[in-house]
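One-letter residues, chain by chain:
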Amino acid sequence: MEPVIEIEDLWWRYEYSKDWVLRGIDLKINPGEFVVITGPNDSGKSSLISAFNGLIPHSQRGVMKGSVKVLGLDVATSDVAALCAFVGMTFQDPETQFLLSRVDEEVAFGPQNLGFPPDEVRKLVTWALDVTRLSEMRMKDPVELSGGQKQRTALAATLSMNPKIMVLDEPTSMLDPIGKEEIMEIITSMKSRRLVETIVVVEHHLEELAKIADRFILLKNGEILLDEPTEKFFSDPDFLIENGVRVPDVCAISGYLKKRNILGNITLTLDEAVDALVKLFRERKLQPNRMDVESYRPLAQISDEAAIEVENLHFVYPDGTVALRGVDIKIRKGEFVALIGQNGSGKTTLSKLMAGIYKPTSGSVKVFGMDTKVTPTPNLIARVGYVFQNPDHQIFNDTIRKELEFGLKNLLSFKLVKEEEIEQRIRESMRITGVPEEILEEHPFLMSKGMRQRIAIASVLAMRPQVLIVDEPTTGQDTPQSIDVMNFLQKLNEMGHTIIIITHEMWIVAGWARRTIAMAEGKILLDGPTKNVLSNAETLKKTFVKPPQVTLLSQALENYGLPRNILTVNEFMNSISPS
Amino acid sequence: MATQQVIPRYRTFFSYVAATSIANKMSPITKIFILLFFNAYPIIIDNPIYNAAFGFFNIILMRVFKATLMHVEKYFKVLMTLALFIFVSVIFFGRSVAGPSPTVIATIGPVEVYSQALGFGVMVYVRMFALVSAMLLWLSITTTSDLMSAFEKLKISYVARTYLTMAFRFVGMFDSDFNTIQDAQKARGLDIKSQPLWRRPFVFGYYLIPLVAITIKKAIDAGITMEARAFKAPLKVKFLERAKLEETYVGRYYWRYSKKDTVIIAMLVIVFVGLIIARLYGLLSNPFM
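Parameters and conventions
- Residues numbered from 1 in each chain as written.
- Chains lettered and ligands numbered in written order.
- Predicted model: local features only at pLDDT ≥ 70, side-chain atom pairs only at ≥ 80, totals over all residues.
- Pairing = 2+ DSSP bridges.
- Helix = DSSP H or I, 4+ residues; strand = E, 2+ residues; numbered from the N terminus.
- Domains from an automatic or database assignment.
- Contact = placed C-beta atoms within 7 Å.
- Nonpolar A, V, L, I, M, F, W, Y, C, P; charged D, E, K, R; others polar.
- Axes fitted to C-alpha atoms, helices over the stretch in contact; angles between N-to-C directions.
- Parallel < 35°, antiparallel > 145°, perpendicular 65-115°, else oblique.
- Left-handed = near helix turned anticlockwise from the far one by under 90°.

### As for the sheet that holds strand 16 (residues 370-371) of chain A
All names here are of chain A. Within the open sheet, the four strands sit side by side as 13-12-15-16. Their pairing is antiparallel. What marks the edges here is a single partner per strand, and that holds for strand 13 (322-332) and strand 16. Bridging between strand 12 (residues 306-316) and strand 15 (residues 362-367) involves five bridges; their strand directions are antiparallel. Bridging across to strand 15, V310 finds its partner in V365.

### What to know about the domain arrangement of chain A
All names here are of chain A. Taken as a whole, chain A is organised into domain 1 (5-233), domain 2 (252-296 + 552-578), domain 3 (297-383 + 467-546) and domain 4 (396-464). Taking only C-alpha atoms, the centre of domain 1 and the centre of domain 3 are 34 Å apart. The partner domain 3 presents 13 residues to the nine residues of domain 1 that form the contact. When the residues that make up the side of domain 1 that touches domain 3 are grouped by side-chain class, the tally is four nonpolar, four polar and one charged.

### Considerations on the sheet that holds strand 14 (residues 336-340) of chain A
All names here are of chain A. If you walk across this open sheet you meet the six strands as 17-18-19-14-20-21, and the pairing is mixed. Only two strands of the sheet have a single partner each, and these edge strands are strand 17 (384-387) and strand 21 (523-529). Within the sheet, the average angular offset between the axes of one strand and its neighbour, ignoring direction, is 15°. Sheet analysis places strand 14 next to strand 19 (residues 498-502), joined by four bridges and oriented parallel. Of the residues in strand 19, the one forming a bridge with L339 is I502.

### Looking at the domain arrangement of chain B
All names here are of chain B. Splitting chain B by domain gives domain 1 (23-142 + 258-289) and domain 2 (144-257). Taking only C-alpha atoms, the centre of domain 1 and the centre of domain 2 are 26 Å apart. For the side of domain 1 that touches domain 2, the elements supplying multiple residues, two or more each, are helix 1 (28-44) and helix 3 (70-92). Within the side of domain 1 that touches domain 2, the residues separate by chemical class into five nonpolar, five polar and two charged.

### Quick look at the packing of helix 6 (residues 147-159) of chain A against helix 7 (residues 177-192) of chain A
Residues and elements named next belong to chain A. With their axes 7 Å apart at the nearest point, helix 6 and helix 7 run at an angle of 30° to one another. Relative to helix 7, the element helix 6 is oriented roughly parallel. The two elements helix 6 and helix 7 cross, and the hand of that crossing is right-handed. Seen from helix 6, the contacting residues are G147, G148, Q151, R152 and L155; seen from helix 7, they are I178, G179, E182, I183 and I186. Here the residues of the contact of helix 6 with helix 7 sort into four nonpolar, four polar and two charged.

Below you can see the structure in the form of structure tokens.
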């Protein structure tokens, strides 16, 4: 069988860098294969797939060595436009992919460029919208859609070009849980209905892909570290974790059991894992350990004093959109809280109200007893810091030092900080966030995204807020970086800061948050200890959030003595032992 | 983002227009004529009273066309800041526009304030108001498909019309990024509303730098997406013989034209000619100069 993609000894480096991003890649992808490429950030995943449709070397400036052939066409000598007729590609952020203001126009753009006559374009648009279940949205502005619908629009816009090879670059990384599920359903249907011949997905979230992909490739530092069929790929979870892969819970558990010779195969889906473990319990090869899994959770000092009190809070945006409908919460000093729920549930609005960035339409928000309606913003931000999802929304100074000084100087003008304290506070926030001193005079835009995020956090921390609200702290970060950020927030929590995170990542919630608030349609549906909230699968359904896979597994094994509220793989492994 | 509204509406370049709006029945070419003539009228007119009336007429039209007005308010606030600058300029540097025999109406230290200079300031400001309101009206009722299909009928090349449409599309995107940046800076103690009026233009830098950086990033991403969707195919791929794009999907299915459009265009032209004649007879001059 002739491979559809054939890469030989591919080397690539960007013009502005001395380092090779791809180092001697050899890869063959056969027709009909579903391949997942994973690996930590900066491992060269996006660069590699950019070579599939000629964006590398034609649209990106750099040096390329080796050869890439796609459907027999040599990428180095073929136009991107010619390759696009065969290779469809969607990118990570759906919003930056929207060129026009109606869904059908957006989907028509590709086939129109390929020269299909209007009637044929219409048929392709109708088909692609049907496949992606967007037919009713055809007149809407793509920007107005939910996260999942946006990414589906981007998929439809590529699918309508009728490509033989579909390449998806982190299609779910910016989506809420329901959005992720929607995209996975479409990808599954693309495979099962053979709508495209070959599918290549770059992704960090492997849970759903493990069920459907034929083969996984692990890329690190520009080299292929592992290239195996799905089951074999997950057979050594420790190796994958060491190399920055977040292994799906059921694969990790079965991998560990296989290593101990308790289980024969790696399980790729929840159902497979339940069947395999039930069998082990029945055959008495496994037994539950009676233990308090709560004791594995880190504890911070929580006082009775309220940091934030929200009473009967309603908020309506100027365009009439109702975002919050009667919210009541009390957050105590020292808590570590996660706000969860699908996009549009009101999480971000609520957190901006807590920080005093928005003022309530009715009801009240009190920050350490100060009513945000009447308290000037500087007095509030000295107590509550807010870190935005995208650090680039707040960075504007030409040196990191000026960036860190900015908030403090604003406080200085309101006499909320003394001038002689500024330097000390900058040093302190740098130390805590791990921003090295030697880059203090560098331009922040020259730093990596991870470092820019730290600079953004440091600039807020310098104001010494007692409460820190972080919106999506792990977006765009790979697994090791995410763990790093969360450990850092935990350290702040242990130092006495109250931490509130807004996140779609349930493993982050499970691993770090002590209390979880689940929201839907501007209301709070669940509020309590994370273990209780995440194990309440029924109510969570209404917030379109799915508990972690390991929680669902432990609940399925409840009859065999496992607690219902296990949240992490470590907890699970500690709760069972061989008979 | 919060809960979606249920009123059916279409996205325009600047905001939204209700699905039931008569603007959606108007031909795309009529909207092009509105763009051209509504922006030409204030330039022909010097009389601030007429221009002010025209500006308010545009706002009323926005209501008639059921366009969302919430963004509009913000731009008029920016105009207030502009007013301050225009009037400071004509007070302190008004001699050059005050004509050969200026009338001094006040003296501020060594500075003489001329009535003609103030009249000039009023004319410039109100003209700006009329122009901004005309542009906002057009941006509020025009969609990407309107512009694409109108340009197609005007035989503007596919590449040029796509780039032009996308340039306008970015106007609305600026607005949402600007709001987020404003919130992000507020979280570090910078609230433009709490700043004195004179300081506000200087504070804008703190918003503009991230806005420009994000816009450049978005433009690069959009460029890559366009390439990935074969935008250069009609120019480069010789084997795609069908790629002439004489008629596109948008041109076929979004084009509309009726007799009412002929009437509107005729009225726009008649008013334009009338204004030119009125100007030649000095009927549109500024009475305050």
